[in-house]
Amino acid sequence: MEEELDYFSLFLTEEFFTELCDLTEIYHNVKHGDKSKRRRMSHERKWSKPDLIEMKAYIGILLYTGVVKHARLRDYWSRSRLFSSHYVGDIMSRDRFSQIQSNLHFVDEKEMAQNEDPLYKIRPLISQVLIASRILYTPDQYLTIDETMIRFNGRSSMKVYMPLKPIKYGFKAYVLADSKSGYVLNWILRSEEHT
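These remarks concern the structure in this document. Note that the structure is predicted; figures quoted are calculated from it, not measured. (Residues numbered from 1 in each chain as written. Predicted model: local features only at pLDDT ≥ 70, side-chain atom pairs only at ≥ 80, totals over all residues. Heavy atoms only, no water.)

### Some details on the nonpolar core
For soluble globular proteins, the rule of thumb is that nonpolar side chains tend to be buried together.
Now for step 1: Ranked by size, the top nonpolar core spans 18 residues in total, and within it Leu20, Met55, Tyr58 and Met92 carry the most contacts.
Now for step 2: Going through the elements one at a time, α2 (14-32), α3 (52-67) and α5 (94-103) are the ones with two or more residues in this core.
Now for step 3: Here this core gets five residues from one element, more than from any other, and that element is α3.
Now for step 4: In this view, Met55 contacts Phe17, Leu20, Cys21, Thr24, Pro50, Ile100 and Leu104; residues no more than four positions away in its chain are not counted.
Now for step 5: Ile126, Met158, Phe171 and Leu189 belong to the second largest nonpolar core, which has seven residues in total. (Core = buried A, V, L, I, M, F, W, Y, C linked by side-chain atoms within 4.5 Å. Buried < 20%, exposed > 50% of the residue type's maximum accessible area, 1.4 Å probe, protein only. Helix = DSSP H or I, 4+ residues; strand = E, 2+ residues; numbered from the N terminus. Contact = heavy atoms within 4.5 Å.)

Following this line, the structure appears as structure tokens:
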């Protein structure tokens, strides 16, 4: 394996993306039901089920926005020299990105109606990455358990405030990591402690 995409594909497989496309389509159909009742804005593109290439591009853009910071999401599609992120606009239009983002689903809501897990909507993604993390890496002799904060500024019942940490607001997680490399083998969020 020589390219980053090869490593990425070990964690999120073709089967995972195929199911993600299907679940996103199911959610869109449930959400919009009778399409004739919904007035489309003139600039909106008609919905079509995302294919594997589009879904991978969407996830790639999300990862890119986590590394290259702009003040607003729409700045990634700006033509301004100051904010321009040429790659993003070449990969996917802002309208299509917004369409996928507003319909993205990892689970079928009907099957998960009575679920008590606060992370049930993203549980398949968490499970997929954790399973791959354990299978694909052989840790060194020494492991460490530590707590970490995942920055989050939105609203959530799981968000905590820790005034003495560099990241004061976010999700508190406990991680099992390789002491030598720092590779994370397992993690749980604070709300999962007692489940």
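### A word on the pattern of salt bridges
Close approach of charged atoms allows side chains with opposite charge to pair.
Now for step 1: What the rule picks out here adds up to seven salt bridges.
Now for step 2: Residue Lys56 is joined to Glu14 by a salt bridge in which the shortest nitrogen-to-oxygen separation is 2.3 Å. Linking Lys56 in helix α3 with Glu14 in helix α2, this pair joins segments that are 42 residues apart in sequence.
Now for step 3: Of the charged contacts in the structure, one is a salt bridge between Asp22 and Lys49, with a shortest N-O distance of 2.5 Å. (Salt bridge = Lys/Arg side-chain N within 4 Å of Asp/Glu carboxyl O.)

### Thoughts on the side chain of Asp75
Now for step 1: If you trace the backbone, Asp75 turns up in the loop between α3 and α4 (86-91).
Now for step 2: In this structure the side chain of Asp75 is engaged in a polar contact, spanning 3.0 Å, whose partner is the side chain of Arg72. (Polar contact = N/O pair within 3.5 Å; in protein donor to acceptor, adjacent residues only side chain to side chain.)

### Considerations on the layout of surface pockets
Now for step 1: Taken as a whole, the largest pocket holds about 1200 Å³ of empty space.
Now for step 2: For the largest pocket, the lining is made up of 26 residues, of which Leu62, Phe106, Ile122, Leu125 and Ile126 are closest to its centre.
Now for step 3: Those elements that place two or more of their residues in the lining of the largest pocket are α3, α6 (123-136) and β4 (184-189).
Now for step 4: Per element, the largest residue contribution to the lining of the largest pocket is six residues, and it comes from α3.
Now for step 5: Looking at the lining of the largest pocket, its residues break down into 20 nonpolar, five polar and one charged. (1 Å grid on protein atoms, 1.4 Å probe; cavity = no way out; pocket = protein on both sides within 12 Å on 5 of 7 lines; lining within 4 Å. Points joined across faces, edges and corners; volume = space filled by probe spheres on them. Nonpolar A, V, L, I, M, F, W, Y, C, P; charged D, E, K, R; others polar.)

### A look at the packing of aromatic side chains
Now for step 1: Within the structure shown, the criterion is met by nine aromatic pairs.
Now for step 2: Seen from their ring centres, Tyr58 and Phe97 are 4.8 Å apart, and the 35° between their planes marks the pair as tilted. Placement of the pair is Tyr58 in helix α3 and Phe97 in helix α5, with a sequence separation of 39 residues.
Now for step 3: Phe97 gets classed as buried once you look at its relative accessible area, which sits at 0%.
Now for step 4: Feature note: the residues Phe8, Phe16, Phe17 and Phe106 constitute an aromatic cluster, connected by ring pairs.
Now for step 5: Arg96 extends its terminal NZ or CZ atom over the ring of Trp47, reaching a point 5.1 Å from the ring centre. (Phe/Tyr/Trp six-rings, centres within 6.5 Å; stacked < 30°, edge-to-face > 60°. Lys NZ or Arg CZ within 6 Å of the ring centre and 35° of its normal.)

### Side note on α6
An α-helical turn contains 3.6 residues, so any two residues separated by three or four positions project in the same direction.
Now for step 1: Along its 14 residues, α6 runs 20 Å from first to last C-alpha, staying within 8% of the 20 Å computed at 1.5 Å per residue.
Now for step 2: Looking at α6, one finds that the buried residues are Ile126, Leu130, Ala132 and Ser133. The arc that holds every buried residue of α6, seen down its axis, measures 165°, which confines them to one face.
Now for step 3: In this structure, the buried residues of α6 make contact with α1 (4-11) and β4. (Expected span 1.5 Å × (residues − 1). Arc of directions from axis to C-beta.)

### Here we look at a nonpolar patch on the surface
Now for step 1: Nonpolar side chains collect at one region of the surface, where Tyr7, Leu10, Ile131, Ile135 and Leu136 lie side by side and expose about 490 Å² of accessible area between them.
Now for step 2: Of all the elements in the fold, those that place two or more residues in the nonpolar patch are α1 and α6.
Now for step 3: Here the element with the most residues in the nonpolar patch is α6; it accounts for three residues.
Now for step 4: Within the secondary structure layout, Ile131 lies in helix α6. (Patch = residues over 30% accessible without salt bridge, like charges linked within 9 Å, V, L, I, M, F, W, Y side chains within 5 Å. Areas by Shrake-Rupley, 256 points an atom, 1.4 Å probe, with all protein chains shown as cover.)

Structural measurements only, silent on function.
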